[in-house]
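Spelled out from the first residue to the last, the chains are:
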Amino acid sequence: MAKNGQIEGGAVLGRVLSVLVILAGILFAAQLCLASPADHSQVPSIFDPHSGNADLLYRLSGFVLSITGLIFVVVFTLLVYVVIRFRERPTNAGREPAQVYGSNQIELAWTVIPILIVVVLFLATARVIHAIQDAPEPAEALEVTAIGHQFWWEYRFPALGVVTANELHIPVSDRAHPRPTFLKLLSADTDHSFWVPQLGGKTDLIPNHINRIWFSPQETGLFLGQCAQYCGTQHAKMLLRVSVESEEDFDAWIQAQKEPAIQDEKESAGRRVFETTACLNCHAVGGTNGTGRFGPDLTHLMSRQTIAAGAAENTPANLRLWIQNPDAIKFGSLMPAMKLSDADLDALVRYLETLK
Amino acid sequence: MSSDAMAIRTAEAAGRPWVEILHEWVTTVDHKRLGVLYIVYALVFLVIGGIEAVIIRIQLIRPLNDFVSPQVFNRMFTMHGTTMIFFVAMPVLFGFANYLVPLMVGARDMAFPRLNAFSFWLSAFGGFLLYFSFVGGSGLYGAGNAPDVGWWAYAPLTSRAFSPGHSTDYWTIALLVSGFGSIGTAINLITTILCMRCPGMTLGRMPLLAWLNLVMSGMVLIALTPLSAAQIMLLADRYLGSHFFDTQAGGSATLWMHFFWIFGHPEVYILILPCFAFMSEIIPVFSRKPIFGYPVMVGASVCIGFVSMSVWAHHMFSIGMTSYANAFFTITTLSVGVPTGIKIFNWLGTMWGGRIQFKTPMLFSIAFLFQFLIAGLTGIMLGSAAFNWQLTGSYFVVAHFHYVIVGGILFALFGAFYYWYPKITGKMLSETLGKIHFWLFFIGFHMTFDLMHIPGLLGMPRRIYTYEPGRGWDTWNLLVTIGALIQSIATLVFVANLIISYFKGRDAGNDPWDAWTLEWSVSSPPPEYNFATIPTVASRRPLWDIKHPEDPDSRYE
Ligand SMILES: [Cu+2]
Ligand SMILES: [Cu+2]
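Here the structure is a predicted model, which means the values were calculated and not measured.

Visitor: Go over the overall build of chain A with me, naming the residues and quoting the values.
Guide: When helices and strands are counted, chain A shows eight helices and 12 strands. In chain A, 63% of the contacts between residues at least 6 apart in sequence involve partners at least 24 apart.

Visitor: Describe in detail the coordination of the copper ion (ligand 2), supporting the description with residues and values.
Guide: Residue and element names in this part refer to chain B. The protein atoms that coordinate the copper ion (ligand 2) are H265 (ND1), H314 (NE2) and H315 (NE2), at distances spanning 1.7 to 2.0 Å. Within one chain, the residues serving as donors to the copper ion (ligand 2) are arranged as H-x48-H-H. Residue H265 is found in helix 8 (residues 253-287), and its partner H315 is found in the loop between helix 9 (294-307) and helix 10 (323-351); the two are separated by 50 residues along the sequence. Its relative accessible area of 26% is what places H315 among the partly exposed residues.

Visitor: Just give me the short version of the interface of chain A and chain B, but keep the residues and values in it.
Guide: Taken together, the 96 residues of chain A in the interface contact 106 residues of chain B. Between chain A and chain B, roughly 8500 Å² of surface is buried when both sides are summed, and carbon and sulfur atoms account for 70% of that area. Inspection of the chain A/chain B interface yields three salt bridges. Linking E96 of chain A and R355 of chain B is a salt bridge whose minimum nitrogen-to-oxygen distance equals 3.2 Å.

Visitor: Lay out the nonpolar core in plain terms, naming residues and giving numbers.
Guide: Formed by 237 residues in total, the largest nonpolar core has its most connected members in F96, W256, F278, W347 and M351 of chain B. Other than its neighbours up to four places away in sequence, M351 of chain B contacts L79, V82, V83 and F86 of chain A together with I283, S287, I356, M362, I366 and L369 of chain B.

Visitor: Let's hear about empty space enclosed by the protein: which residues, and what values?
Guide: Residues and elements named next belong to chain B. With the rule as written, the count across this model stands at six cavities of 30 Å³ or more. As a volume, the largest cavity reaches approximately 230 Å³. As for the largest cavity, its lining consists of 18 residues, and the residues nearest its centre are S280, E281, I291, R540 and R541. Take the lining of the largest cavity: its biggest share by element is four residues, from helix 8. Counted by class, the lining of the largest cavity contains 11 nonpolar, two polar and five charged residues. Counted as a void, the second largest cavity has a volume near 60 Å³.

Visitor: Which residues make up helix 6 (residues 167-195) of chain B, and what are the values?
Guide: Compared with an ideal rise of 1.5 Å per residue, which puts 29 residues at 42 Å, helix 6 of chain B spans 42 Å between its outermost C-alpha atoms and is within 8% of the ideal. With 24 of its 29 residues buried, helix 6 of chain B lies for the most part within the structure.

Visitor: Report on the environment of Q234 of chain A, specifying residues and quantitative values.
Guide: In this fold, Q234 of chain A is placed in the loop between strand 9 (221-226) and strand 10 (239-245). For Q234 of chain A, a relative accessible area of 0% gives the class buried. Between the alpha carbons of Q234 of chain A and W253 of chain A there is a distance of 29 Å; along the sequence they are 19 residues apart. Each residue touching Q234 of chain A, except ones within four places of it in the same chain, is listed here: F151, K330, F331, G332 and S333 of chain A together with P70 and Y465 of chain B.

Visitor: Summarise a nonpolar patch on the surface; cite the residues concerned and give the values.
Guide: A contiguous nonpolar patch, built from W18, V19, L22, V26 and W121 of chain B and spanning about 530 Å² of accessible area, is present on the exposed surface. A total of four residues in the nonpolar patch trace back to one element, the largest contributor, which is helix 2 (residues 18-26) of chain B.

Visitor: So what's going on with the coordination of the copper ion (ligand 1)? Which residues, and what values?
Guide: Residues and elements named next belong to chain A. Distances from the copper ion (ligand 1) to its protein donors, C227 (SG), Q229 (O), C231 (SG) and H235 (ND1), fall within 2.1 to 2.6 Å. For the copper ion (ligand 1), all donor residues lie on one chain, and their spacing in sequence is C-x1-Q-x1-C-x3-H. In this structure Q229 comes out as buried when scored by relative accessible area, which is 7%. Residue classification places H235 among the buried positions, given a relative accessible area of 1%.

Visitor: How would you explain the packing of aromatic side chains if you had to name every residue and give the values?
Guide: Pairs of aromatic rings are described using the distance from one ring centre to the other and the angle between the two planes. Under the defined criterion, the tally for this structure stands at 77 aromatic pairs over all chains. Arranged with centres 5.7 Å apart and planes meeting at 80°, the rings of W153 of chain A and F194 of chain A form a pair that is edge-to-face. A residue pair is termed long-range when its members are at least 10 positions apart, and W153 of chain A in strand 2 (residues 152-157) and F194 of chain A in strand 6 (residues 192-194) qualify at 41 residues. The same class applies to W153 of chain A as to F194 of chain A, namely buried. Taken together, a centroid distance of 5.3 Å and an interplanar angle of 65° make the contact between F286 of chain B and W513 of chain B edge-to-face. Taken as a pair, F286 of chain B in helix 8 and W513 of chain B in the loop between helix 15 (474-504) and helix 16 (542-547) lie far apart in primary sequence, 227 residues in all. Residue classification places F286 of chain B among the buried residues on the basis of a relative accessible area of 0%. According to the relative accessible area criterion, W513 of chain B is buried, its value standing at 7%. Positioned over the ring face of W25 of chain B is R33 of chain B, at 4.5 Å from the centre of the ring. The lysine or arginine in question, R541 of chain B, covers the ring of W516 of chain B, its NZ or CZ lying 4.4 Å from the ring centre.

Visitor: A description of the confidence of the model for chain A should follow, citing residues and the corresponding values.
Guide: Residue and element names in this part refer to chain A. Here chain A averages 88 in pLDDT, while 88% of its residues score no lower than 70. For chain A, helix 1 (residues 2-34) is the element with the lowest average pLDDT, namely 58, and strand 6 is the one with the highest, namely 97. Ignoring residues within four places in sequence, the model shows residues 35-40, a span with pLDDT below 50, making 11 contacts including any to other chains.

Visitor: If you had to explain the sheet that holds strand 2 of chain A to someone new, which residues and values would you point to?
Guide: All names here are of chain A. Taking strand neighbours across the sheet as the criterion, the five strands line up as 3-2-1-5-8 in an open arrangement whose pairing is mixed. With partners counted over all chains shown, the strands left at the sheet margins are strand 3 (162-165) and strand 8 (211-215), one partner each. Neighbour-to-neighbour, the strand axes of this sheet turn through a mean angle of 25°, independent of strand direction. Summarising the sheet, strand 1 (residues 142-149) and strand 2 pair through five bridges and their orientation is antiparallel. Bridge pairing links A146 to Y155 in strand 2. Each of strand 1, strand 2 and strand 3 touches helix 4 (residues 247-258); the most contacted strand, strand 3, lies at about 95° to it.

Visitor: Just give me the short version of the sheet that holds strand 4 (residues 167-171) of chain A, but keep the residues and values in it.
Guide: All names here are of chain A. Taking strand neighbours across the sheet as the criterion, the three strands line up as 4-10-9 in an open arrangement whose pairing is mixed. Every other strand in the sheet has two partners, leaving strand 4 and strand 9 as the edge strands with one partner each. Strand-to-strand, the axes of this sheet are offset by a mean angle of 25°, without reference to chain direction. Here six bridges tie strand 9 to strand 10, and the two strands are oriented antiparallel to one another. Bridge pairing in strand 10 links G225 to L240. On the sheet, helix 4 packs against strand 4 and strand 10 and is oriented at approximately 130° with respect to strand 4.

Visitor: Explain the side chain of S163 of chain B to me, using residue names and the numbers behind them.
Guide: Residue and element names in this part refer to chain B. Residue placement: S163 occurs in the loop between helix 5 (113-136) and helix 6. The exposure class of S163 is buried, given its relative accessible area of 4%. A polar contact of 2.5 Å, which involves the side chain of S163, links it to the side chain of T168.

Visitor: How would you sum up the packing of helix 3 (residues 104-133) of chain A against helix 10 of chain B? Please name residues and give values.
Guide: The contact between helix 3 of chain A and helix 10 of chain B brings their axes to 9 Å, and the two run at 160°. The angle between the axes of helix 3 of chain A and helix 10 of chain B places the two elements in the roughly antiparallel class. Our pair here, helix 3 of chain A against helix 10 of chain B, has a crossing hand that is right-handed. For the pair formed by helix 3 of chain A and helix 10 of chain B, the contact residues are E107, W110, T111, P114, I115, V118, L121, F122, T125, I129 and Q133 of chain A on the first element and S323, N326, A327, T330, I331, L334, S335, V338, I342, F345 and N346 of chain B on the second. A per-class count over the contact of helix 3 of chain A with helix 10 of chain B returns 13 nonpolar, eight polar and one charged.

Visitor: Tell me what's going on with the pattern of salt bridges, and back it up with residues and numbers.
Guide: Within this structure, the stated rule accounts for 23 salt bridges over all chains. With its nearest N and O atoms 2.9 Å apart, the salt bridge here joins D55 of chain A to R59 of chain A. Pair noted here: D55 of chain A and R59 of chain A are both in helix 2 (residues 52-85), with a separation of four residues, about one helical turn. Among the ionic pairs, R238 of chain B bridges to D169 of chain B, the shortest N-O distance being 2.6 Å. Of this pair, R238 of chain B sits in helix 7 (residues 208-239) while D169 of chain B is found in helix 6, placing the two residues 69 residues apart along the sequence. Grouping residues by exposure puts R238 of chain B and D169 of chain B together as buried. Salt bridges here are not isolated pairs; linked through shared partners, they connect E88 and E96 of chain A together with R288, R355, D511, D514 and K547 of chain B.

Thresholds, definitions, all that
- Residues numbered from 1 in each chain as written.
- Chains lettered and ligands numbered in written order.
- Predicted model: local features only at pLDDT ≥ 70, side-chain atom pairs only at ≥ 80, totals over all residues.
- Heavy atoms only, no water.
- Helix = DSSP H or I, 4+ residues; strand = E, 2+ residues; numbered from the N terminus.
- Contact = heavy atoms within 4.5 Å.
- Donors = N, O, S within 2.8 Å, 3.2 Å for Na, K, Ca; no water.
- Buried < 20%, exposed > 50% of the residue type's maximum accessible area, 1.4 Å probe, protein only.
- Buried area = accessible area lost by both parts, 1.4 Å probe.
- Salt bridge = Lys/Arg side-chain N within 4 Å of Asp/Glu carboxyl O.
- Core = buried A, V, L, I, M, F, W, Y, C linked by side-chain atoms within 4.5 Å.
- 1 Å grid on protein atoms, 1.4 Å probe; cavity = no way out; pocket = protein on both sides within 12 Å on 5 of 7 lines; lining within 4 Å.
- Points joined across faces, edges and corners; volume = space filled by probe spheres on them.
- Nonpolar A, V, L, I, M, F, W, Y, C, P; charged D, E, K, R; others polar.
- Expected span 1.5 Å × (residues − 1).
- Patch = residues over 30% accessible without salt bridge, like charges linked within 9 Å, V, L, I, M, F, W, Y side chains within 5 Å.
- Areas by Shrake-Rupley, 256 points an atom, 1.4 Å probe, with all protein chains shown as cover.
- Phe/Tyr/Trp six-rings, centres within 6.5 Å; stacked < 30°, edge-to-face > 60°.
- Lys NZ or Arg CZ within 6 Å of the ring centre and 35° of its normal.
- pLDDT = per-residue confidence, 0-100.
- Pairing = 2+ DSSP bridges.
- Axes fitted to C-alpha atoms, helices over the stretch in contact; angles between N-to-C directions.
- Polar contact = N/O pair within 3.5 Å; in protein donor to acceptor, adjacent residues only side chain to side chain.
- Parallel < 35°, antiparallel > 145°, perpendicular 65-115°, else oblique.
- Left-handed = near helix turned anticlockwise from the far one by under 90°.

Laid out in structure tokens, this is it:
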């Protein structure tokens, strides 16, 4: 009885292991199809690269995956073979098998072969590390400074005199007009990490420790990502949106961002609320006395599709809710509930809506 | 008389007040009792840490779920990680080492029995402090809160500016205190292994379990010290006005990372080496063959010990080190794969040509081999610095290290439980419940952690309390959570097995597995001082020599 059970056990275990591997393979393949370029902006898959450097990583990953896959197949086959072939059976039960203590040749072989594999993998990796990290910055590169804040992103274009938040716009960098974007990464408080998988690997933003990364996006479109280094309560809603634009669109966007805030006299009541409450200590609006730097620059708030680092769409209703009670959208964000009267709130939101 | 110590103990227990029994356990310096205390203590925390994991998984079962608040979620993953590493994995492995090492090297106790007890109570106190933060975290007032800075507690999130109150202090002091306990145990194990071996047991005849625990203890000494130092520096930052990690005042956030990971990576090996030890005892016995290539196994273990001291910064590939540093840590990390591969092949070599018996300990061991292989391969992917930039900080890495810790360490531990429980209690664990436990856990494990790799590849970072719909992550997270629930049920089956078998289990006898090392030569449970007369050994498998006088190992070694 017990013996039979054991024999069954061996075969079953072997078979289950194989089925598992096949299943995993199918799932994985299915996923790769799901992550097809059709809706690249929605699924930020690392196997769907859209920039030169992400592509380098993608090709390296393919190489590493095939080598490790091969190792897996070999060792796994051995394991299944051993488990099935050398299981206890009625014919061998009770007799001790030959006692073998080792074999120097075999052990030498399975030391040397892994060493060779390690060397190959290392060389492949070192090449990509060098290509990405030691790339010189070309003269035509766009320079942007990204500053991580608890729980939002600040972007500065020092050469162009533009400051904005949360939604990064960069030009496409195709072969005819290479114009890579070089990002300088800083942090205002805790560690963060910049990760837009389709544009490249992640790099941390660390206080007192300047980092530098670059992208050469080859297609226009919106690319999503999010902070990848735990930075506090709302780490989860510190989303990244990078809009890759054609040269003309990008220049137009820069032009618009350079303008001071529109001053619409009809909304002076709302503007007064902004200028007479604490908003201006934390937020800047070009052309007003609001110069705060603790929160996002609001000069061109309405040019953004989302608020609060992608936590909500930028609609009047959401803006109102946000100012009334930020916790309702992003619990634990560092913007306080401002406790304004309904009238002030409405006026303020109407004013914010003019900040095109 | 002493052959059935269990019966005596129960008989005695019946007649004595429970305070006296309690007193006996609290004041014990017996390595076996301390071993059991460590193990039971770890099991309690395993259940607590498991509940935290389930809370995390329920929160992530669908996008924008609000089962718990962000703060509670952040506390849960911090406490889950800290608990599982420091108050489950470490103590349970120390427990087994405590119990087994003296028995296997033919000693009557550990070298320093009092230090042994002291170390245990320090560790226990550490766990208590960590959980007391739920009550005392925010000081004397208020409901309190647990630490929420993540288990590696990166600076400057731990500075007083970002982490007011005392939750971080409880975390710091808990680790500091239990760290001293670990150092004490390591010193004890090293001394026991080096100085207390029975006559005839040269280093080359020592069971691999002793070898691996020797290497592990050496690593504890080297790795735990920087962690303790860093905790003291952090406390100084928080209360004495120093600025080691205080970036607002010119301190360095990366300094903490180096301190933490120069502990953190070796820690992985501190946990896995004792599991290699279990495998190296269990696989031979159930394959009915001696370990294949003993000297190479020893060499590979020592080699892993050394190399794994030089790989820590592979946890920091994304912090912007120079390309040279990244390349250096890539090559060191990948090269750990060589001795690790040797181990896997040697276990396969042990099984090759054997007569494999699929008892529950062996089932867990085979699953260990399979899963550790995969964990090692995803480790190679992560070790390639450039590929790592896409993988680190995502659910891929979470899946990877759970593959190591659950698929490797926990499976090996389950194997060890089924294998040595008869020795410790004198009762066999139920094979039926054991098989149910194995298959349920196996299915749950693969459902959870195989699938968990995928959202990581699709850009899902770790430590987020919620996520947007439509990123392609939803289905995977749902399945992962279901798998986690299956694992919890399996764990309950295991705990039930431990309890039921204790009372109703079959008597084990001295040597239920027909095994070959010294612990099986004494009664189950072993008498108080283990060996009435200290044994003398002539080979690596003393009991084989006794059972097969016509063909003893001692003839070949
Ligand atoms: Cu973050
Ligand atoms: Cu590591």
